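Each chain, letter by letter, is given below.
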There are 2 protein chains.
Amino acid sequence: MSNGIGLGPGREFDIIRDLVAHWGDRAAGIGDDAALVDVPEGERLVVSTDSSVEHVHFRRDWLTPSEIGYRSAVAALSDLAAMAAQPLGVLVALSCPEPWLAELPNVAKGIGDAVELAGTRIVGGDLTAARELVIAVTVLGASPAPVERRGARAGDLVYVTGALGGPLAALTALRSGRVPTPHARARFAHPVPRIHEAQWLARRGARAMVDVSDGLLGDAAHIAAGSRVQLVLDLHPIPTVDAMRPIDAARSGEEYELIAVLPSPVDVAAFAGEFGIPLTCFGRVEAGAPGVEAYVAGERVASGSGFSHFS
Amino acid sequence: MSNGIGLGPGREFDIIRDLVAHWGDRAAGIGDDAALVDVPEGERLVVSTDSSVEHVHFRRDWLTPSEIGYRSAVAALSDLAAMAAQPLGVLVALSCPEPWLAELPNVAKGIGDAVELAGTRIVGGDLTAARELVIAVTVLGASPAPVERRGARAGDLVYVTGALGGPLAALTALRSGRVPTPHARARFAHPVPRIHEAQWLARRGARAMVDVSDGLLGDAAHIAAGSRVQLVLDLHPIPTVDAMRPIDAARSGEEYELIAVLPSPVDVAAFAGEFGIPLTCFGRVEAGAPGVEAYVAGERVASGSGFSHFS
């Protein structure tokens with residue numbers, strides 16, 4: 001942990017010691033200039049960073065401080081899942097305004113919960129004063145064969161984990177002053193990084209993967225662009241939360257479910273039995289200009305390419 | 001790079017593409033959920049994260065956007081230097097207010113300059129909207145034998161690299177509306193992470209190291225606490241900028257010089273010849289309650305322990 005001028009060294013270290021005490025076994029090796037992490041022999045290091053900003057990614061009246069911390073860590077851990085990597089450690093850089101200091105232990109608790117769920121530890125971090133709360137989480141992982149976005153080939157099948165739409169349903173309710181349904185709120189406040197699910201898919205030959213952070217169609221387009229292929233998707237079979245229409249659920253972000261491209265059919269019943277969530281085949285990969293075409297019951301409902309918006 | 005809701009996916013990706021184009025060869029592999037980094041066989045991974053926040057760590061009227069970006073990256077890279085690690089890659093999470101967007105390429109240029117100086121690359125990042133500029137830099141490095149804070153033993157010698165006081169002199173001038181001297185301003189705006197110097201010291205058996213980010217005495221206390229020893233320091237021989245008194249220079253932070261504990265004398269002339277900066281022995285390690293005692297010409301000028309303030 002390093003210098004955060006705004007809090008003053010003495011006070012900063014007091015708060016950090018307090019946070020580390022809260023984390024207990026969930027934190028390890030904090031206190032040097034940098035942390036040491038061992039990458040298993042023969043595996044590649046996988047790293048990603050993700051910031052959550054108050055008023056942009058979260059609102060204090062919609063989520064508890066613990067949930068805010070939890071979601072910030074999940075957003076980053078989900079990027080490891082998307083590469084089928086096993087987490088090795090997490091670094092947490094907190095930029096914290098004075099009014100948030102009293103809630104910092106609860107934010108830390110939520111981060112610790114996510115880190116424990118992912119089977120890893122907090123290995124380092126930084127604490128500084130700021131005018132708004134920014135939680136920057138960097139995740140380190142390893143994999144013998146990370147799954148990137150570029151491996152999809154014509155003839156492959158496209159799968160999605162879980163049921164979509166919960167975060168959008170919750171946000172829609174919150175934005176209009178309504179209470180979200182319990183299921184929608186749970187999916188919004190407690191998303192799960194699909195770390196084990198990703199490794200299951202990787203063992204079955206997944207050639208490309210991405211997590212659903214911006215919305216199913218936009219994220220599918222990342223695979224199309226990365227692999228230079230066309231994804232032809234049928235939204236109809238996609239399980240949704242609270243009977244949301246699949247075309248709406250496909251726009252729901254911060255799902256942290258996985259889109260996986262596989263060369264041949266996999267045992268979706270075995271997947272559901274092992275993880276308690278569905279795995280659904282909803283499309284195929286075709287040669288052609290990189291892009292996504294989405295259908296519902298034979299009717300084209302969306303198409304787009306690269307990073308552009310969908311019509 | 002992942003979701004930054006505030007900017008909208010389309011716009012966010014446009015800006016990221018623009019930044020990556022600016023970085024050119026200084027960026028590599030950006031575009032997947034996470035980046036892949038190879039750790040040399042037999043070496044340990046060293047990681048650290050450091051956030052720089054507007055109004056806390058920098059002011060736009062004191063530094064150019066490029067200098068702000070540069071210093072943010074140096075603060076993190078210096079943590080790798082303090083462990084004698086060789087940088088492997090850098091992740092940059094930018095939380096950026098609207099008025100800063102036009103300057104973002106210049107901030108990125110400064111980050112790129114620091115990354116190039118350190119002989120490494122930007123391997124990933126994140127961009128999101130925010131109300132104030134936060135630059136969170138995570139650095140990855142490797143070392144066959146990282147130097148921690150805990151190895152100092154009674155009888156060892158304490159060295160410091162470079163000349164201290166420049167950043168404090170510059171800040172003092174800026175705070176009172178004066179123009180800093182060129183030397184002081186250069187040390188403030190363009191500090192150098194002592195990566196090669198650290199490896200030189202590690203090869204000569206450095207047992208503990210720390211970079212000077214909070215001030216010489218406070219950072220020396222980290223070694224005292226980590227190694228459970230007493231550091232007895234003579235500030236008199238420490239080279240300073242603009243003839244600042246050593247006792248004042250010892251309070252100057254963000255120096256990014258190194259305090260190194262060595263078991264026996266090293267060739268300071270050879271060091272100066274190789275790196276163009278002085279290496280100065282200014283103390284010794286003694287058994288006793290962990291803490292620091294500082295003298296000038298035989299008179300005790302400061303003492304303190306652990307993380308507490310100095311009297």
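First, a word on scope: everything that follows refers to the structure included in this document. (Residues numbered from 1 in each chain as written. Chains lettered and ligands numbered in written order. Predicted model: local features only at pLDDT ≥ 70, side-chain atom pairs only at ≥ 80, totals over all residues. Heavy atoms only, no water.)

Turning our eyes to something else, we now look at the nonpolar core. Proteins that are soluble and globular tend to have nonpolar side chains buried together. Judged by nonpolar contacts, the single largest core of 100 residues is most densely connected at L216, L231 and L235 of chain B. Core analysis: the second largest hydrophobic core is formed by 69 residues, A81, A82, A206 and A260 of chain A among them. (Core = buried A, V, L, I, M, F, W, Y, C linked by side-chain atoms within 4.5 Å. Buried < 20%, exposed > 50% of the residue type's maximum accessible area, 1.4 Å probe, protein only.)

Applying the stated rule across the entire model yields 6 aromatic pairs over all chains. Both rings, one in F58 of chain A and one in W100 of chain A, keep their centres 6.4 Å apart while their planes meet at 85°; by these two values the pair is edge-to-face. With a gap of 42 residues between them, F58 of chain A in the loop between β2 (44–53) and α2 (65–82) and W100 of chain A in the loop between β3 (86–96) and α3 (104–117) connect regions that are remote in the sequence. For W100 of chain A, a relative accessible area of 2% translates into the label buried. One aromatic cluster in this structure is built from W200, F271 and F275 of chain A. Between R204 of chain A and the ring centre of W200 of chain A, over which it is positioned, the NZ or CZ distance is 3.8 Å. Cation over ring: R60 of chain B sits above W100 of chain B, and NZ or CZ is 4.3 Å from the ring centre. (Phe/Tyr/Trp six-rings, centres within 6.5 Å; stacked < 30°, edge-to-face > 60°. Helix = DSSP H or I, 4+ residues; strand = E, 2+ residues; numbered from the N terminus. Lys NZ or Arg CZ within 6 Å of the ring centre and 35° of its normal.)

Attention now goes to the sheet that holds strand β11 (residues 291–296) of chain B. The strands making up a sheet are joined through hydrogen bonds of the backbone, oriented either antiparallel or parallel. Residue and element names in this part refer to chain B. Pairing in this open sheet of 7 strands is mixed, and the strands run β7-β9-β6-β10-β8-β11-β12 from one edge to the other. Each of the sheet's edge strands pairs with one partner strand only, and the pair in question is β7 (208–211) and β12 (299–304). Direction aside, neighbouring strands of the sheet carry axes that sit 25° apart on average. In this sheet, β12 lies alongside β11 in antiparallel orientation, the contact comprising 5 bridges. (Pairing = 2+ DSSP bridges. Axes fitted to C-alpha atoms, helices over the stretch in contact; angles between N-to-C directions.)

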